[in-house]
Amino acid sequence: MDLQETLNAMRRNSIFLNIAGKGTQQRCGTRFGGQPDVPPDFVWPTFRGEGYDGVVKDRPLTFLAQFNCADLAKYDTEHQLPDHGLLSFFYETDTQCWGYDPSDKGCARVFWFEDTSILSAADFPPDMEECFRFPTIAIEMKPEWSYPEWEDFSEREHLLRRDPKQYLAQSEPFEKARQLLVPEEPMVSSKLLGWPDIIQNSMAVECDLVSQGYYLGGKWEEVPEEIRQRAEDTALERWLLLFQLDMVEDDDFELMFGDSGRIYFYITREDLRERRFDRVWLILQCY
């Protein structure tokens, strides 16, 4: 099987998101920003971390976006997401954790509200600064095929570990084969599902290890060999991209992660199947 056939065999469906234009605060509507629709007993999530002001305290997570699952169903051709309810994404945009530290747990949260009939717009927490109350922006969606980038492909094939020379030799042919399938990639790319648009490195192994409690801000060699080996052998098949959010610009509003970066919400196949969205792990990458 040549590289292009291999890539075709690895393709995944994704839902491309165009986040732009004036949105509306329609109850349970798919949108970026605004006030989230939540149940009566909802407690706004917080995260204890150090912000850019250097102060460590409990900070309200920023509401990023919500998706009406009925809207997603016609684009989710592999039926991975719920077909009813509301999916809501939050992230603490002041601390902007990177996700390589186990203590980052809770900096990002995903909620699935199954019964939309009881949902209504939440009031922002009184201690939430105005700059973290994002404006309502429309989201347009369309399905597209997603293909792995070199970092994920080589990780899946264990090329660097198996044969460093082969790793170097295959990178250029891989990029040529992929370009035939994806001739033009958007500069700004937000999506649900599919393969991630990687800025730095493959993230599945990182999600697997750090969610088990291993700090990855230093040497990965400190992770026990058998634990790391299992992650390298299986993480890329077990962990999936749930939501990738790129920079958002609209009128005088701009949201950026690090230096022109992206955030990635990952979840295991099992947790996605069982709707355990409380087990997501977030990674931030930037240039």
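This one's a predicted model, so the numbers in the text were calculated from it and none came from an experiment.

### Observations concerning the environment of glutamate 151
Here glutamate 151 is to be found in helix H3 (residues 150-156). Separated by 50 residues in sequence, glutamate 151 and asparagine 201 place their C-alpha atoms 5.9 Å apart. Residue contacts for glutamate 151: discarding those within four places in its chain leaves Ile198, Gln200, Asn201 and Ser202.

### Section: the packing of aromatic side chains
Scanning the model with the defined rule gives 23 aromatic pairs in all. Ring centres of phenylalanine 67 and phenylalanine 89 lie 5.9 Å apart, and the angle between their planes is 85 degrees; on these two criteria the pair is classed as edge-to-face. Highlighted residues: phenylalanine 67 in strand E6 (residues 62-68) and phenylalanine 89 in strand E7 (residues 86-91), separated in sequence by 22 residues. Pair check on accessibility: phenylalanine 67 and phenylalanine 89 agree, each one buried. Here the aromatic cluster, defined as three or more aromatic residues joined through ring pairs, consists of Phe42, Trp44, Phe63, Phe90, Phe111, Phe113 and Phe124. The ring of tryptophan 195 is capped by arginine 12, whose NZ or CZ atom sits 3.7 Å from the centre of that ring.

### Things to note about the pairing of strand E12 (residues 239-245)
Every other side chain in a regular strand lies on the same face of the sheet, so the side chains alternate between the two faces. Along E12, seven of the seven residues are buried, which leaves the element largely enclosed by surrounding structure. Bridging between strand E11 (residues 190-192) and E12 involves two bridges; their strand directions are antiparallel. Across the sheet, the residue bridging to lysine 191 is glutamine 244, located in E12.

### Observations regarding the environment of valine 223
Among the structural elements, valine 223 can be located in the loop between helix H6 (204-210) and helix H7 (225-238). On the basis of relative accessibility, which here comes to 6%, the residue valine 223 falls in the buried class. Between the alpha carbons of valine 223 and proline 36 there is a distance of 39 Å; along the sequence they are 187 residues apart. Apart from the residues lying within four places of it in its own chain, the contact partners of valine 223 are Leu209, Tyr214, Leu216 and Arg228.

### Quick notes on the side chain of aspartate 152
Summarising the element assignment, aspartate 152 is placed in helix H3. Among buried Asp, Glu, Lys and Arg side chains, aspartate 152 stands out as unpaired, with arginine 12 the closest opposite charge at 6.6 Å. Ignoring anything within four residues of it in the chain, the contact list for aspartate 152 reads Trp195, Pro196, Ile198, Ser202, Met203 and Leu236.

### Some thoughts on the nonpolar core
Residues Phe32, Leu64, Phe67, Phe89, Leu242, Leu245 and Phe265 are the most contacted members of the largest nonpolar core, which totals 57 residues. When residues in this core are grouped by element, the largest group, five residues, is from E7. Apart from residues no more than four positions distant in its own chain, leucine 245 is found in contact with Ile19, Phe32, Leu64, Ser190, Leu255, Phe257, Arg262 and Ile263. In terms of nonpolar packing, the next biggest core, distinct from the first, is built from 29 residues, Met10, Tyr147, Leu181 and Trp195 among them.

### Re helix H1 (residues 3-10)
By the burial criterion, the buried members of H1 are Thr6, Leu7 and Met10. Down the axis, H1 shows its buried residues gathered within 100 degrees of arc, on one side only. Sitting at the head of H1, aspartate 2 places a side-chain oxygen 3.3 Å from the backbone nitrogen of glutamine 4.

### Some thoughts on a nonpolar patch on the surface
The grouping of Trp98, Tyr100 and Tyr215 at the surface amounts to a nonpolar patch, some 290 Å² of accessible area in total. In this structure, tyrosine 215 sits in the loop between H6 and H7.

### A word on empty space enclosed by the protein
Under the definition given, this model contains one cavity of 30 Å³ or more. Estimates place the volume of the largest cavity at around 40 Å³. Contributing to the lining of the largest cavity are Arg12, Asp152, Gly194, Trp195, Pro196, Leu236, Trp239, Leu240, Leu241 and Tyr266. For the lining of the largest cavity, the element with the highest residue contribution is E12, accounting for three residues. Per-class residue counts for the lining of the largest cavity are seven nonpolar, one polar and two charged.

What counts, and where the lines are drawn
- Residues numbered from 1 in each chain as written.
- Predicted model: local features only at pLDDT ≥ 70, side-chain atom pairs only at ≥ 80, totals over all residues.
- Heavy atoms only, no water.
- Helix = DSSP H or I, 4+ residues; strand = E, 2+ residues; numbered from the N terminus.
- Contact = heavy atoms within 4.5 Å.
- Phe/Tyr/Trp six-rings, centres within 6.5 Å; stacked < 30°, edge-to-face > 60°.
- Buried < 20%, exposed > 50% of the residue type's maximum accessible area, 1.4 Å probe, protein only.
- Lys NZ or Arg CZ within 6 Å of the ring centre and 35° of its normal.
- Pairing = 2+ DSSP bridges.
- Lys, Arg positive; Asp, Glu negative; His and termini not counted.
- Salt bridge = Lys/Arg side-chain N within 4 Å of Asp/Glu carboxyl O.
- Core = buried A, V, L, I, M, F, W, Y, C linked by side-chain atoms within 4.5 Å.
- Arc of directions from axis to C-beta.
- Polar contact = N/O pair within 3.5 Å; in protein donor to acceptor, adjacent residues only side chain to side chain.
- Patch = residues over 30% accessible without salt bridge, like charges linked within 9 Å, V, L, I, M, F, W, Y side chains within 5 Å.
- Areas by Shrake-Rupley, 256 points an atom, 1.4 Å probe, with all protein chains shown as cover.
- 1 Å grid on protein atoms, 1.4 Å probe; cavity = no way out; pocket = protein on both sides within 12 Å on 5 of 7 lines; lining within 4 Å.
- Points joined across faces, edges and corners; volume = space filled by probe spheres on them.
- Nonpolar A, V, L, I, M, F, W, Y, C, P; charged D, E, K, R; others polar.

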